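# An overview of the molecular structure
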Amino acid sequence: MTLAFFTISALDLLSSLVPNTTPEERAAYIDWIYSCQIPSGGFRASPSHDLSAVKDGSAQWDPANVPATYFALATLLILGDDLNRVRRKETLKWLRCMQRDDGSFGETLVNGKIEGGMDTRFGYCATCVRYILRGKREGRDPTSEEQDIDVDALVECLRKAETYDGGMSEMPFHEAHAGFTYCAIAALHFIDRFPWPICSQPSEGQRAFNKMPLRKEDIVSTTSSEQQGGRKTCGLTSPNLTIHWLASRLTATISIEDEEDTYADETDTPETCHDAHSFVHTANFPTSMGETSEKSRPSSHFALDWVGFNGRCNKVADTCYAFWVGAGLTLMNASRVVHPTPVRRYLLEQTAHIVGGFGKLPGDPPDVYHSYLGLAALSLLETAAQAAHESPREGLRKPMEERELKALDACMCVSIEAKSRLYAIWQRWGVHDGKDRDGGG
Amino acid sequence: MGKHDDDPAWSDITPLPTSEGGPNPLAAIAYTEEYEDTMSYLRAVMASNGFSPRVLDLTEDLIDMNPAHYTVWLYRAQCLFALNSDLHVELERLNETALAHQKNYQIWHHRNLIVDKLDKCEGEQGFVQRMFVKDAKNYHVWCYRQWLVKRFGLWEKGELDFTEEMLREDIRNNSAWNHWWFVVNGREAEGVAGVTDPDSRAREINFTKDAIAKAPQNQSPWNYLRGIARKSGISLAHLKSFAEQHASLDRPGAVKSSFALDLLADILGKRRVATSKLVGRMICWR
Ligand SMILES: [Zn+2]
């Protein structure tokens, strides 16, 4: 299911899905995804887990899987499916069973036990599934008559996993990690507990949705929840520090050799030191080796041509973190703190592979995961460059052959076009999402 | 014909082959014939919830071929417990798998289940150290180390010495810095104060400042220092003179650390604007 999502969504971002597939093929893809749906709710990770042909007590080894369910629903949206065959009520019921008492989500339910360890990626996928199936509003969902997940417990769990340096992890005291930080921020958006509203241009589908008249019960429920709870707990205790942590993931250390050098020489020279800046002067050199390498360093102009993102402090840059960090900053309304051009050059000139796609590090063979996230990151950077009134191709040395990418929804990690199809589906289901009317999402 | 089809030990089992879900499977994975064959037998066994030594062998084969299949790991753990297998033997086997597959999460989850069941952690710290020789920043291994410390109460059994040694090897190892924070502050729920205790705080601040003096352009200790201040409610202004030692605003040519400059920007106020401007400047610097 993961592979299916990355492949289909990448084609969509490149505007290659419709020209390169027939309607019959797309319909068959949709059927394949539905064949992975579990009758009691959710989707399985792959048909190879399918035990549905066997009747007796084996269903426990053929469980629905939280990430697979997110990938399945997102891929269906991209393929233009109307989600009519989704077992919405069952999936929402199953989703509640995937939440632990401490608020976190697991991956699967086996033998009545929630498996999959602590991992905010599951929280992200679960809140996205909830968002697709019933919008942001809290409490019992009037359209499916299903109860809600425990939103407060989830927020509490995410807050506890904040680290001393402003990043986030998957569990208290684990090291801050950009993937987990993004997942937590995006999950807070999906459950409408983000510290501040995000401003973005509402898409066409969303504008049409916003014009729908509010039903009486929606108005009542909004007012009463405000009266009861006052301000709800928001995620992120120090949003500015989180922005600071995300911005600090920028690094000029983009190949593994740079990193390995630190083992031999702990002095601060541009070669041995991560994130050296051109204005940092090393006053003294504990070793002569350090002094020699300082003299041989390339000019700062050259050194900052390519800038990538790492996933943790003092690690080498990696293609996928251009998405995790870039999207995190976008969702924090802070993409302006990053100058897009050196990052785009890093992706296009360093980790993009000659046969197509992206690898993890410069020179690495491309893989589906890094290729998709590389594209997703480029799409966000294109949007950021446009917002900063920069020509999209400014500073890019290579003649660019690739067409413009579709704009990405940083929260759902699909094209805004694909996400917008949700509004018509919600309309059909009768889902009203008061909060989305402000233009966020 | 797969290798199990001719094996009399498996003659009572009808394999359940994979269905890839219709004529247009999206991203059908090309598994090897051997994997497909073995998996079809395991699927058949799982369908009847069978636990036996031969099933253990089957899961072992599958894990060797594809260590990322999470249901196979879960089934193996269930099987081991159901058969009362010798868990020490299982740990030995896991050592090899873990060393061969550094990035695999399932192995560590499985190890966690086994060691928890054993209720003993002899040899575990040593094994973790062997893993760190290969990759001193392996996320799963550091998480597992935290679990060991918590589960078996190893807080004062050489954990700080071990972490200090890791930092001596690489002062930029942020995973080790994070572990240090965990060992110092991880027992507040049990009533053991961390940096909120003045003595402990003084020791931590000195330790961090020494590390910064060794390599000023190192983000980890600067973050650590800010973390101490935030956690214990001390104003960052107390760090002003220290930051100025590494980034003098009067002599722009003598900036030894961009993180010192960053800290000064925060101290000098207009926090949000100043920080983002500064970050912007660092990135655009040409
Ligand atoms: Zn990566």
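If you're wondering where the values come from, they're calculated on a predicted model, not measured in any experiment.

## Some remarks on the overall build of chain A
- What chain A contains, in helices and strands, is 18 helices and 6 strands.
- Residue burial in chain A is summarised as follows: out of 441 residues, 61% are buried.
- For chain A, restricting intrachain contacts to residue pairs at least 6 apart in sequence, the fraction spanning at least 24 positions comes to 71%.
- As presented, chain A carries roughly 17,000 Å² of accessible surface, and 54% of it is formed by carbon and sulfur atoms.

## Details of the overall build of chain B
- The number of helices and strands found in chain B is 14 helices and 0 strands.
- Counting from the amino terminus, chain B carries its helices and strands in the arrangement α-α-α-α-α-α-α-α-α-α-α-α-α-α.
- Relative to all contacts within chain B whose residues are 6 or more apart in sequence, the contacts with residues 24 or more apart total 61%.
- Looking at chain B as shown, the accessible area adds up to about 12,900 Å², and 53% of this sits on carbon and sulfur atoms.

## As for the environment of B:Val255
Residue and element names in this part refer to chain B.
- Here Val-255 shows up in the loop between helix 12 (240–246) and helix 13 (258–267).
- According to the relative accessible area criterion, Val-255 is buried, its value standing at 4%.
- With 10 residues separating them along the chain, Val-255 and Gln-245 place their C-alpha atoms 8.9 Å apart.

## Regarding helix 11 (residues 239–247) of chain A
- Taken across its 9 residues, helix 11 of chain A has 8 buried, putting it largely inside the fold.
- All of the buried residues along helix 11 of chain A are A:Pro239, A:Leu241, A:Thr242, A:Ile243, A:His244, A:Trp245, A:Leu246 and A:Ala247.

## Quick notes on the coordination of the zinc ion
All names here are of chain A.
- Only Asp-318 (OD), Asp-318 (OD), Cys-320 (SG) and His-370 (NE2) from the protein reach the zinc ion as donors, at distances of 2.1 to 2.4 Å.
- If you look at the zinc ion, its 4 donor atoms make angles of 56 to 121° with each other, and the shape they trace is irregular.
- Motif for the zinc ion, donor spacing along one chain: D-x1-C-x49-H. In this pair, Asp-318 is assigned in the loop between strand 4 (308–309) and helix 15 (319–331) and His-370 in helix 17 (residues 368–387), connecting sequence segments 52 residues apart. For the pair formed by Asp-318 and His-370, the shared burial category is buried.

## Describing the pattern of salt bridges
All names here are of chain A.
- Summed over all chains, the structure comprises 32 salt bridges over all chains.
- For Glu-146, the salt bridge identified is with Lys-93, shortest N-O distance 3.6 Å. Placement of the pair is Glu-146 in the loop between helix 6 (120–134) and helix 7 (151–160) and Lys-93 in helix 5 (residues 88–97), with a sequence separation of 53 residues.
- Among the residues examined, Lys-93 registers a relative accessible area of 44% and is labelled partly exposed.

## Thoughts on the packing of aromatic side chains
Residue and element names in this part refer to chain B.
- Tallied over the entire structure, the rule returns 35 aromatic pairs over all chains.
- Measuring from ring centre to ring centre gives 5.1 Å for Trp-108 and Tyr-144, while their planes differ by 55°; the resulting arrangement is tilted. Of this pair, Trp-108 sits in helix 5 (residues 105–118) while Tyr-144 sits in helix 7 (residues 139–152), and the two are 36 residues apart along the sequence. Here Trp-108 and Tyr-144 have matching classes, each one buried.
- Directly above the aromatic system of Phe-81 lies the positively charged group of Lys-117, at a separation of 4.6 Å from the ring centroid.
- When the ring centre of Phe-152 is taken as origin, the NZ or CZ atom of Arg-151, which lies over that ring, is 4.7 Å away.

## Thoughts on the environment of A:Leu348
- Along the chain, the position of A:Leu348 falls in helix 16 (residues 340–351).
- Through-space distance from the C-alpha of A:Leu348 to that of A:Gly374 is 9.0 Å; in sequence the pair is 26 residues apart.

## A word on the packing of helix 1 (residues 2–13) of chain A against helix 4 (residues 66–78) of chain A
All names here are of chain A.
- Running from amino to carboxyl end, helix 1 crosses helix 4 at an angle of 30°, the nearest separation of the two axes being 9 Å. By the criterion of interaxial angle, the relationship of helix 1 to helix 4 is roughly parallel. Where helix 1 crosses over helix 4, the handedness of that crossing is left-handed. Counted together, Thr-2, Ala-4, Phe-5, Ile-8, Ser-9 and Asp-12 of helix 1 and Tyr-70, Phe-71, Ala-74, Thr-75 and Ile-78 of helix 4 form the full contact between these two elements.
- A breakdown of the residues in the contact of helix 1 with helix 4 according to their chemical character gives 7 nonpolar, 3 polar and 1 charged.

## Comments concerning the packing of helix 5 of chain B against helix 6 (residues 124–134) of chain B
Residues and elements named next belong to chain B.
- Two elements in contact, helix 5 and helix 6, have axes separated by 13 Å at closest approach and are oriented at 170°. Looking at the two axes, helix 5 sits roughly antiparallel to helix 6. Two packed elements cross with a definite hand, and for helix 5 against helix 6 that hand is right-handed. Together, Trp-108, Arg-111 and Val-115 of helix 5 and Glu-124, Phe-127 and Met-131 of helix 6 make up the contact between the two elements.

## Digging into the state of the cysteines
- Tallying each qualifying case throughout the model produces 0 disulfides over all chains.
- No disulfide involves A:Cys36; its sulfur sits 16 Å from the nearest other cysteine sulfur, which is in A:Cys125.
- Judged by its relative accessible area of 0%, A:Cys36 is buried.
- Free cysteine: B:Cys121, not disulfide-bonded; nearest cysteine sulfur from B:Cys143 at 17 Å.
- On the accessibility criterion, B:Cys121 (13% relative accessible area) is buried.

## Some words on the nonpolar core
- With 116 residues, the main nonpolar core has A:Tyr70, A:Tyr182 and A:Phe323 as its most contacted residues.
- With 10 residues, the single largest contributor to this core is helix 4 of chain A.
- Those residues in contact with A:Tyr182 that lie beyond four places of it in its chain are A:Tyr124, A:Phe323, A:Trp324, A:Ala327, A:Gly328, A:Leu331, A:Ala410, A:Cys411 and A:Cys413.
- Of all hydrophobic cores here, the second largest spans 76 residues; its members include B:Val45, B:Tyr75, B:Leu80 and B:Val141.

What counts and what doesn't
Residues numbered from 1 in each chain as written. Chains lettered and ligands numbered in written order. Predicted model: local features only at pLDDT ≥ 70, side-chain atom pairs only at ≥ 80, totals over all residues. Heavy atoms only, no water. Helix = DSSP H or I, 4+ residues; strand = E, 2+ residues; numbered from the N terminus. Buried < 20%, exposed > 50% of the residue type's maximum accessible area, 1.4 Å probe, protein only. Contact = heavy atoms within 4.5 Å. Areas by Shrake-Rupley, 256 points an atom, 1.4 Å probe, with all protein chains shown as cover. Donors = N, O, S within 2.8 Å, 3.2 Å for Na, K, Ca; no water. Tetrahedral: all angles 85-135°; square planar, octahedral: opposite > 155°, others 65-115°. Salt bridge = Lys/Arg side-chain N within 4 Å of Asp/Glu carboxyl O. Phe/Tyr/Trp six-rings, centres within 6.5 Å; stacked < 30°, edge-to-face > 60°. Lys NZ or Arg CZ within 6 Å of the ring centre and 35° of its normal. Axes fitted to C-alpha atoms, helices over the stretch in contact; angles between N-to-C directions. Parallel < 35°, antiparallel > 145°, perpendicular 65-115°, else oblique. Left-handed = near helix turned anticlockwise from the far one by under 90°. Nonpolar A, V, L, I, M, F, W, Y, C, P; charged D, E, K, R; others polar. Disulfide = S-S within 2.5 Å. Core = buried A, V, L, I, M, F, W, Y, C linked by side-chain atoms within 4.5 Å.

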